[in-house]
Amino acid sequence: MIKQSSAGIYSWLPLGFKVMKKIEKIVREEQNKIGAQEILMPTIQSSEIWKESGRYDDYGDEMLRIKDRQDREMLYGPTNEELVTDIFRSSIKSYKSLPQLLYHIQWKFRDEVRPRFGIMRCREFYMKDAYSFDLNDDEAVFSYNKFFLSYLKTFKRLELTAIPMAADTGPIGGNLSHEFIILADTGESKIFTDKRIFDLDSEGSIIEKKSLENLRKKYERFYSVTDEKFDKEEFEKEVDKENRLITKGIEVGHIFYFGDKYSKALNAAVDLPDGKKDYVKMGSYGIGVSRLVGAIIEAKYDDKKEIMKWPLSIAPYELAIIPMINKNDTSTLEKASKILKHLENNNIDTIIDDTDENLSSKIKKFNLIGVPNQIIIGKKSEGDTIEFKEIGKDTQNLTIEQIIKILTEQKANN
Ligand code: P5A
């Protein structure tokens, strides 16, 4: 799926790349649904805007600094608050053009002290980062809540239970912030939460301020924080013993509201109805798209059975055909090719394992790769029926028509 190319930097190989692109598509669709517009900013930025915001010095060694041939100070963007504010200030002049919700999906670089767990904490990673611009605090919190809802929906579509938790803002700034965390023993974030938060549903209408406010309040009623915000006394007061959960998790998203921190520093102001000017109020919203590939494996891998099963919508393939191959007998491979044609005609994304490894090691390998359905063509498969298995379930002997029906239904229910 991936190959390390140097410390904390990875190449994306065919299977991993397909998964990441499918995750990206879901993230994009959910951003578009709340009215955010996609742009694309460069990976390389000039130091000037970072000097304006004061973060050129603050960001420290995590920032990868580069000089061009004219000796100009450049950097590989670790995040884009400054650059997007620069775009805003040169394009938007009036309150009439607000709100603006802009996002891009682009590589970032952070020279992490301890890159680890592969693509989970690496130096070069793929992030969806969105930015909101509003007239006042009230409108800006409305935008924040739109992203809050959108994140719950995005992670649900990825079949993850991501819990929003009050969090610190670190180098991004501001005083309102939530991390979205999925539970995993291998996670780096220590979390303290109330078990009842897992039963909440994420319904809300993005056009109603009140409905979104209530949604966030519903989550905030339950104590749920990361390490930095933990207060033992408060936790024990607010959460009954039987509902306390202290565990570890992976941060897959993080949202921030920081008012005029960047707009003031970079002078991004709009004309108001009364002729005065005011700095716009901003928030920023990140999802670790490449981190999600690893995080979903952590969430979906069954280490007792040694089986991985990707959610269908992001699986590298929907089905793997695994034929037993004998050197002198190509009949199973021919049968596999025929089945493949049928499946392709029905838009089922399929891979054939035509290697000459033995059948049981091929099956083992595919159990790890996590393609959710398998067709096995072994000695036993004669006549019209074929061995079909949905990972984690029993094998069935079915006709190709029956298999196509099952796969089509799986997709319709997705
Ligand atoms: C929000 C968007 C920001 O950078 N600025 C723009 C804000 N937030 S963040 O929390 O620092 O990062 C957002 C998400 O990116 C992922 N992420 C990483 N993934 C892999 N390796 C890393 N080193 C790394 N750092 C951050 C996380 O999913 C995080 O929630």
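Just so it is clear, the structure is predicted and the values come from calculations on it, not from any experiment. (Residues numbered from 1 in each chain as written. Predicted model: local features only at pLDDT ≥ 70, side-chain atom pairs only at ≥ 80, totals over all residues. Heavy atoms only, no water.)

*Asks:* Which residues make up the overall build of the protein, and what values do they have?
*Replies:* From N to C terminus, the protein includes 12 helices and 21 strands. Counting only C-alpha atoms and orienting by the principal axes, one finds that the protein spans roughly 80 × 60 × 40 Å. Counting contacts in the protein only where the partners sit at least 6 residues apart, residues at least 24 apart contribute 70% of the total. Accessible surface, the protein as shown: approximately 20,300 Å² in total, 48% of it carbon and sulfur. (Helix = DSSP H or I, 4+ residues; strand = E, 2+ residues; numbered from the N terminus. Contact = heavy atoms within 4.5 Å. Areas by Shrake-Rupley, 256 points an atom, 1.4 Å probe, with all protein chains shown as cover.)

*Asks:* Explain the nonpolar core residue by residue, including any values.
*Replies:* Of all hydrophobic cores here, the largest spans 59 residues; its most connected members are I23, F155, L158, F180, V252 and L292. Looking at this core element by element, the count peaks at nine residues for helix α5 (residues 137-157). Ignoring anything within four residues of it in the chain, the contact list for V252 reads F155, A162, F180, I182, G286, I287, G288, L292 and A295. (Core = buried A, V, L, I, M, F, W, Y, C linked by side-chain atoms within 4.5 Å. Buried < 20%, exposed > 50% of the residue type's maximum accessible area, 1.4 Å probe, protein only.)

*Asks:* Let's hear about the sheet that holds strand β21 (residues 396-398): which residues, and what values?
*Replies:* Spatial ordering of the open sheet is given by β18-β17-β19-β20-β21, a layout of five strands whose pairing is mixed. The open sheet is flanked by β18 (350-352) and β21, the only strands paired with a single partner. Averaged over all adjacent pairs, the angle separating strand axes in this sheet is 30 degrees, with direction ignored. As judged from the five bridges shared by strand β17 (residues 319-323) and strand β19 (residues 373-377), these two strands associate in the parallel manner. When the sheet's bridge partners are listed, I322 is paired in β19 with I376. Where helix α11 (residues 359-369) meets the sheet, its contacts fall on β17, β18, β19 and β20 (386-390), and the angle it forms with β17 comes to roughly 165 degrees. On the sheet, helix α12 (residues 400-412) packs against β17, β19, β20 and β21 and is oriented at approximately 15 degrees with respect to β20. (Pairing = 2+ DSSP bridges. Axes fitted to C-alpha atoms, helices over the stretch in contact; angles between N-to-C directions.)

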